[in-house]
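Listed here are the chains, written in short residue letters.
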Amino acid sequence: MPTAHAASEAALATQAEQRSVRTFERATPYLLPAATAIAFILAWEAFCYFSGVHPVILPPPSAVLAKFFRFFPLIFAHSVPTTLESLAAFLLACLLGCGLAAVVVLSRRMREALWPNLVFFQLIPKIALAPLFIVWLGIGSESRLTFALFVTFFPMLVATVAGLEHVDRDMLRLCRSVGATRLQVLFSVRFPSAVPFIFSGMKISITLAIIGVIVGEFITSQRGLGYLILFASSRQETALSMAAIVMLCIVGLVLYGAVALGERIMKKWHDG
Amino acid sequence: MYVRCARVGKVYATGRSAVQAIKSVDLGVREGEFVSLLGPSGCGKSTLLMIVAGLETATSGAVTVAGRPMDEPRTDIGIMFQDPTLLPWRSILENVLFPIRMMRRPIPTYRSRALELLAEVGLGDFAEHRPRHLSGGMRQRAAICRALVHEPRLLLMDEPFSALDAITRDEMNIALLRMWERHKITALFVTHSIREAVFLSDRVLVMNGRPSTIIADVRIPFARPREFAIGDTPEFNALCGALRDKIGEAYRAAGTEVH
């Protein structure tokens, strides 16, 4: 029966069409931002080509990319200390943030003594303290780490305190009725239930850690991406400077991605 | 009397003014008895239960449980709340064993008891599941097991089934009665459902007013073990009606008293 055959073929065709429409719908969250970025870069390239702007003022993306690949070993070598110091500052911030949060949640007196001072400390523009850290700790990684830690730990602290206190009132009553100590409640109930909050804090902190280390490198360092960016611009090597920024974006993406991955794994555990 | 409250009162100090939540409550619960505190929301019955649990302190009067004054939480008490309050990252079995872990008692010793309790409420096959995979009624069954795991002598329940749908609630009432009969435990149950109170209890204490007092102490004569069919008998409905009238009377009386 040829007509039935044709009909079923037509149906299949529309099915395939629908499927491709659906695939497209699902891909738009990725396609759209990528297309926007590509359009922007092409516009930038075209602007450099047609306006004749000096490459020291604004190098075209193609030149930045060329520099990136040509000087990759150099850029990579500078990215290692930046990555390691960001990671170290982030981990220290997690420890300090969680530790202080535990102290503040465990003891009302400690909270009264510490909390207003911690908030006050945060009101100081942190960059203003960087020269002091150099005076106290020298120009080594200690002063950069301290500076980055100082920038980084506060969101971690605030998020963790919120998480530790976000426990059902009846759950706390149950704990008290079965004679749980405050430390038992902290480790068996409060910290596990705070996990989603802690990861929100971590996602903010990891980005701040990179900012802190880069600013630290601007001020004191002889190596690292912050140093390379500053050094390249001072030599009017704007393309190299931008290539270092590209590397910095990659470092940031990897570090943030690692935290986001940890969050997904821990969320699965937390929700059961 | 296993539980005794003598002239228990509670005043909340809020800034300059003070709110009296409970006026003066006298009550007694015999060993092995099932007693319900029945009253509308906000009448102070939950507060009273928390005082009996040692989780809140009375501002006047005294509470004794098993002859000893109840001035701080004690482990001879099991407790249930409106929500099951299970830890989502722990299995049902681990949740049931939570009190044992907090009390630092040996977990292997209580493991078999926990599994037995779970089997008794029909959760034998769910010991290793996470709470998320269980229905609301099943979670509350697990909470019953958790309240009983450390062999308490008194079970305190704060509207434990009021967040469940009516059908599940009926099932839970039967499940609770079976556990109560089997474990021969003294029970104090807070509810705002008249039928639930009548179905479960040996005695219903009606609470009302603000500040609240106990306005009636009604004996429920139905034989045990009870089946759900007693809810259809005229005697049952007459008793519910009488209780409803008592609560209504108290409302009207309060209406004329309060300006």
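1. Concerning the overall build of chain B
A tally of helices and strands in chain B yields eight helices and 10 strands. By the compact-globule yardstick of 18 Å for 259 residues, chain B fits well, its C-alpha radius of gyration being 19 Å. Taken over the C-alpha atoms alone, chain B extends approximately 55 × 45 × 35 Å along its principal axes. Counting all 259 residues of chain B, 53% fall into the buried class. Taking all contacts inside chain B whose residues are at least 6 apart in sequence as the whole, residues at least 24 apart take part in 71%.

2. Looking at the interface of chain A and chain B
On the chain B side, the residues contacting the 21 residues of chain A number 23 residues. Linking chain A to chain B there are one salt bridge. For Glu56 of chain B, the salt bridge goes to Arg173 of chain A, with nearest N and O atoms at 3.6 Å. Applying the counting criterion to the chain A and chain B interface returns four residue pairs in polar contact (both at pLDDT 80 or more).

3. A short note on the packing of helix α5 (residues 130-137) of chain A against helix α6 (residues 141-165) of chain A
Helix-helix packing is characterised by the crossing angle of the two axes and by the distance between the axes. Residues and elements named next belong to chain A. Taken N-terminus to C-terminus, the directions of α5 and α6 make an angle of 140°; their axes are 9 Å apart at the nearest point. One way to sum up the angle between α5 and α6 is to call them oblique. α6 is crossed by α5, and the crossing has right-handed handedness. In contact with Ala130, Phe133, Ile134 and Leu137 of α5, α6 contributes Glu142, Ser143, Thr146, Phe147 and Phe150. Residues that form the contact of α5 with α6 fall into these classes: six nonpolar, two polar and one charged.

4. Re the environment of Phe231 of chain A
By the secondary structure assignment, Phe231 of chain A is in helix α9 (residues 225-234). A residue is classified by how much of its surface remains accessible, and Phe231 of chain A, at 32% relative accessible area, is partly exposed.

5. Observations concerning the nonpolar core
Where a protein is soluble and globular, its nonpolar side chains tend to be buried together. Membership of the largest hydrophobic core comes to 53 residues, with the highest contact counts inside it found for Phe34, Leu118, Met157, Leu176, Val198 and Leu243 of chain B. When residues no more than four places from it in sequence are discounted, the contact partners of Leu118 of chain B are Ile92, Leu93, Val96, Leu123, Gly124, Ala127 and Cys145 of chain B. Ranked by size, the runner-up nonpolar core spans 46 residues in total, among them Val64, Leu118, Leu164 and Phe191 of chain A.

6. Things to note about the sheet that holds strand β8 (residues 186-191) of chain B
All names here are of chain B. Here we have six strands laid out as an open sheet, ordered β6-β7-β8-β3-β9-β10, and mixed in their pairing. Of all the strands in the sheet, just β6 (77-80) and β10 (213-219) have a single pairing partner and so form its edges. Pairs of neighbouring strands in the sheet enclose a mean axial angle of 15°, with direction left out of account. Note that strand β7 (residues 154-158) and β8 share five bridges and pair parallel. Across the sheet, the residue bridging to Leu156 is Leu188, located in β8. Together, β3 (34-38), β6, β7, β8 and β9 (203-208) form the strand contacts of helix α1 (residues 45-52), whose direction differs from that of β7 by roughly 150°. Strands β6 and β7 of the sheet are contacted by helix α5 (residues 136-148), whose axis makes an angle of about 165° with β6.

7. Quick notes on the pairing of strand β1 (residues 3-14) of chain B
Alignment of β1 of chain B against strand β2 (residues 17-29) of chain B, held across nine bridges, turns out to be antiparallel. Directly across from Tyr12 of chain B, in β2 of chain B, lies its bridge partner Val19 of chain B.

8. Focus on the side chain of Ser193 of chain A
Tracing the backbone shows Ser193 of chain A in helix α8 (residues 182-220). Polar contacts involving the side chain of Ser193 of chain A include one to the main-chain carbonyl oxygen of Val189 of chain A, which spans 2.5 Å. Looking at Ser193 of chain A, its side chain comes within polar contact range of the main-chain oxygen of Arg190 of chain A, at 3.2 Å. Each residue touching Ser193 of chain A, except ones within four places of it in the same chain, is listed here: Val167 and His270 of chain A together with Trp89 of chain B.

9. Some words on the domain arrangement of chain A
Split into domains, chain A comes out as domain 1 (1-52) and domain 2 (61-271). Between domain 1 of chain A and domain 2 of chain A, the C-alpha centre-to-centre distance is 40 Å.

10. Structural notes on the side chain of Arg203 of chain B
All names here are of chain B. As for its placement among the helices and strands, Arg203 is situated in strand β9. Using a relative accessible area of 7% as the deciding quantity, one classes Arg203 as buried. A distance of 2.9 Å separates a polar atom in the side chain of Arg203 from a polar atom in the side chain of Asp217. The residues touching Arg203, leaving out its near neighbours within four places in the chain, are Gly28, Val29, Arg30, Glu33, Phe34, Val35, Ser36, Asp217, Val218, Arg219 and Ile220.

11. Some words on the environment of Arg22 of chain A
On the secondary structure map, Arg22 of chain A appears in helix α1 (residues 2-51). Residues Arg22 of chain A and Val53 of chain A, 31 residues apart in the sequence, show an inter-C-alpha distance of 44 Å.

12. Topic: the packing of aromatic side chains
Residue and element names in this part refer to chain A. Counted under the stated rule, the structure contains 18 aromatic pairs over all chains. Geometrically, the ring pair formed by Phe133 and Trp136 is edge-to-face, given 6.0 Å between the ring centres and 70° between the ring planes. With Phe133 and Trp136 both in helix α5 and three residues apart, this pair spans about one turn of that helix. Here Phe133 and Phe150 contribute two aromatic rings whose centre-to-centre distance is 6.2 Å and whose plane-to-plane angle is 70°, an arrangement assigned as edge-to-face. You can see Phe133 sitting in helix α5 and its partner Phe150 sitting in helix α6, a full 17 residues away along the chain. Each of the two residues, Phe133 as well as Phe150, counts as buried. These aromatic residues form a ring-pair network of at least three members: Phe121, Phe133, Trp136, Phe147 and Phe150. Across from the ring centre of Trp115, 5.9 Å away, lies the NZ or CZ of Arg111, which sits over that ring.

Calculation rules
- Residues numbered from 1 in each chain as written.
- Chains lettered and ligands numbered in written order.
- Predicted model: local features only at pLDDT ≥ 70, side-chain atom pairs only at ≥ 80, totals over all residues.
- Heavy atoms only, no water.
- Helix = DSSP H or I, 4+ residues; strand = E, 2+ residues; numbered from the N terminus.
- Rg over C-alpha atoms; globule rule 2.2 N^0.38 Å.
- Buried < 20%, exposed > 50% of the residue type's maximum accessible area, 1.4 Å probe, protein only.
- Contact = heavy atoms within 4.5 Å.
- Salt bridge = Lys/Arg side-chain N within 4 Å of Asp/Glu carboxyl O.
- Polar contact = N/O pair within 3.5 Å; in protein donor to acceptor, adjacent residues only side chain to side chain.
- Axes fitted to C-alpha atoms, helices over the stretch in contact; angles between N-to-C directions.
- Parallel < 35°, antiparallel > 145°, perpendicular 65-115°, else oblique.
- Left-handed = near helix turned anticlockwise from the far one by under 90°.
- Nonpolar A, V, L, I, M, F, W, Y, C, P; charged D, E, K, R; others polar.
- Core = buried A, V, L, I, M, F, W, Y, C linked by side-chain atoms within 4.5 Å.
- Pairing = 2+ DSSP bridges.
- Domains from an automatic or database assignment.
- Phe/Tyr/Trp six-rings, centres within 6.5 Å; stacked < 30°, edge-to-face > 60°.
- Lys NZ or Arg CZ within 6 Å of the ring centre and 35° of its normal.

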